[in-house]
Amino acid sequence: MGASHAMAFKTLEGFEITGLVSTGKSKDVLNEKLGGSYPLFNDYKEALEKTNPDAVCISTYPDTHEQFALMAFAKGCHVFMEKPIADSVEGAERVAAAARKSGKKLVIGYILRHHPSWIKFIDIAQQLGKPLVMRMNLNQQSHGYMWDVHRNLMKSLSPIVDCGVHYIDVMCQMVRSKPVAVAAIGARLSDDVPVGNYNYGQLQIRFEDGSVGWYEAGWGPMISETAFFVKDVIGPKGCVSIVAKEAGGKGKSDSVESHTKTESLKWHHADINNKNEFTRADEWIDLTDEPDHQELCNREQSFFLKAITEDLDLTDHIDDAVNSLRIAFACDDSVRTGKVIDLV
């Protein structure tokens, strides 16, 4: 993600890269990709002091998000940060408070909020009546480099927290109702998974308006690719589904590029006549604006720039990010305790 955001900063008008930071060799590889002209740093604090940037982009592992964001706000920087906002609810609240106190902008990388097809998916779901039944998953048969990434992520977060915040955010946008309870299950399927964590999880959310949703996430070389890509919403008036024939195919489950593809939306109408036969044909919606992963990152950074230059009110954006993380961690608690967690 950091490399994709850096490419956006290089190509979009309004940005200038002042430095690249990582503890390993990734900054050297990225610098070469970008043309080899940027200052490189091993230490984030040193980079802040020496480059004095107007903004920072935090694309590190989640356990550094809070610390790095707080340092940036203290330095007077705007912050773009990959999800989740922190690796604890309390940390997320501290980051949100620091953003408010500093008067600087905080944008969290909910990439699906910038995807035209996902925006349409949510719009149609809101036309299906209440309650809604929302079914989503993203299981990744990860291997090679991606299994290294997932093992590192699991040092601080489970799959249903790290990935789940995206889809919990989508569900909350669809229903715009208060979540009242969560239940979740999980399993540790490999000794490579840090002790105390799990690499398969499934969560269920119940909302105040009667809507329900589930989300499933698994990481690792043992994960099944059968039905790994499900994005489906049902309501009294019908259902809408993302049908990703290409992105949902064999060998695509650990492809970041595939995760944001929608390809087609199928909108089924429940209207029936006195013989219980359907009166309206299913609609297939193929949006011509289907951005690839890099273009989505460009759109995220264009929004970040707009938020700064036009002084956008990001209160709801930040509150939604904290709320989705709060729900995800409640699901994590349910896995670890075996209990239904009431949200108050």
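Residues numbered from 1 in each chain as written. Predicted model: local features only at pLDDT ≥ 70, side-chain atom pairs only at ≥ 80, totals over all residues. Heavy atoms only, no water.

**Q** Sorry if this is basic, but what is going on with the sheet that holds strand β5 (residues 106–109) here?
**A** By definition, the strands of a sheet pair up through backbone hydrogen bonds, in either a parallel or an antiparallel sense. Taken in spatial order, the three strands make up an open sheet running β3-β4-β5, and their pairing is parallel. What marks the edges here is a single partner per strand, and that holds for β3 (55–58) and β5. Adjacent strand axes in the sheet meet at a mean angle of 10 degrees when their direction is disregarded. Here β3 runs beside strand β4 (residues 78–82); their pairing, made up of four bridges, is parallel. Counterpart to I58 in the pairing with β4 is M81. Of the strands in this sheet, β3, β4 and β5 touch helix α11 (residues 293–309), which is tilted by about 155 degrees from β4. (Pairing = 2+ DSSP bridges. Helix = DSSP H or I, 4+ residues; strand = E, 2+ residues; numbered from the N terminus. Axes fitted to C-alpha atoms, helices over the stretch in contact; angles between N-to-C directions. Contact = heavy atoms within 4.5 Å.)

**Q** Just checking my understanding: could you explain the pairing of strand β6 (residues 133–138) for this structure?
**A** Across a regular strand the side chains alternate sides, sitting on one face of the sheet and then on the other. Pairing between β6 and strand β9 (residues 212–218): five bridges, direction parallel. Opposite R135, over in β9, you have W214 as the bridge partner. As judged from the six bridges shared by β6 and strand β10 (residues 229–235), these two strands associate in the antiparallel manner. Among the inter-strand pairings, N137 is bridged to a residue of β10, identified as V230.

**Q** Looking at this structure, how should I read the packing of aromatic side chains?
**A** The geometry of an aromatic ring pair is captured by the separation of the ring centres together with the interplanar angle, meaning the angle of the planes. All chains considered together, the criterion is met by six aromatic pairs. With 4.9 Å between their ring centres and 15 degrees between their planes, Y167 and Y215 make a pair best called stacked. Here Y167 is found in helix α9 (residues 164–175), whereas its partner Y215 is found in strand β9, with 48 residues between them in sequence. Per residue, the accessibility class of Y167 equals that of Y215, and both read buried. (Phe/Tyr/Trp six-rings, centres within 6.5 Å; stacked < 30°, edge-to-face > 60°. Buried < 20%, exposed > 50% of the residue type's maximum accessible area, 1.4 Å probe, protein only.)

**Q** What is the right way to read a nonpolar patch on the surface from this model?
**A** On the surface, V133, V212 and I234 cluster together into a nonpolar patch covering about 180 Å² of accessible area. If you trace the backbone, V212 turns up in strand β9. (Patch = residues over 30% accessible without salt bridge, like charges linked within 9 Å, V, L, I, M, F, W, Y side chains within 5 Å. Areas by Shrake-Rupley, 256 points an atom, 1.4 Å probe, with all protein chains shown as cover. Salt bridge = Lys/Arg side-chain N within 4 Å of Asp/Glu carboxyl O.)

**Q** Looking at this model, I keep getting lost on the packing of helix α6 (residues 116–125) against α9. Mind explaining?
**A** In a packed pair of helices, the relevant descriptors are the angle between the two axes and the axis-to-axis distance. The geometry of α6 relative to α9 is characterised by a closest axis approach of 9 Å and an angle of 40 degrees between their N-to-C directions. The angle between the axes of α6 and α9 places the two elements in the oblique class. The chirality of how α6 crosses α9 is right-handed. Along the contact surface, α6 presents W118, F121, I122 and A125, while α9 presents Y167, V170, Q173 and M174. Here the residues of the contact of α6 with α9 are counted per class, giving seven nonpolar, one polar and no charged. (Parallel < 35°, antiparallel > 145°, perpendicular 65-115°, else oblique. Left-handed = near helix turned anticlockwise from the far one by under 90°. Nonpolar A, V, L, I, M, F, W, Y, C, P; charged D, E, K, R; others polar.)

**Q** Explain α11 to me, please; I cannot follow it from the model alone.
**A** Owing to its 3.6 residues per turn, the α-helix brings residues three or four apart onto one side. Its 17 residues give α11 an end-to-end C-alpha distance of 25 Å, which sits within 8% of 24 Å, the value for a rise of 1.5 Å per residue. Listed in full, the buried residues belonging to α11 are H293, L296, C297, N298, E300, Q301, F304 and A307. Looking at where α11 begins, the residue whose side-chain oxygen comes 3.3 Å from the main-chain nitrogen of Q294 is D292. (Expected span 1.5 Å × (residues − 1). Polar contact = N/O pair within 3.5 Å; in protein donor to acceptor, adjacent residues only side chain to side chain.)

**Q** Looking at this model, I keep getting lost on helix α7 (residues 145–153). Mind explaining?
**A** Listed as buried for α7 are M146, W147, V149, H150 and L153. All buried residues of α7 project into a common sector of 155 degrees when viewed along the axis, lining one side. Residues of α7 that are buried sit in contact with α8 (159–162). (Arc of directions from axis to C-beta.)

**Q** What is the right way to look at the nonpolar core in this model?
**A** A general trend in soluble globular proteins is that nonpolar side chains are found buried together. The biggest cluster of nonpolar side chains holds 87 residues, and the ones touching the most others in it are L106, M136, M174 and V233. Broken down by element, the residue count for this core peaks at 10 residues, all from helix α12 (residues 315–337). Setting aside its immediate chain neighbours within four residues, L106 contacts F73, V79, M81, I85, V95, A99, L314, H317 and I318. Within the second largest apolar cluster, eight residues are counted, among which are A6, L20, L30 and L34. (Core = buried A, V, L, I, M, F, W, Y, C linked by side-chain atoms within 4.5 Å.)

**Q** Explain the environment of P131 here, please?
**A** Along the polypeptide, P131 turns up in the loop between α6 and β6. Along the chain, P131 and S211 lie 80 residues apart, while their C-alpha atoms are 4.4 Å from each other. In contact with P131, other than residues within four places in its own chain, are D209, G210, S211, I234, G235 and P236.

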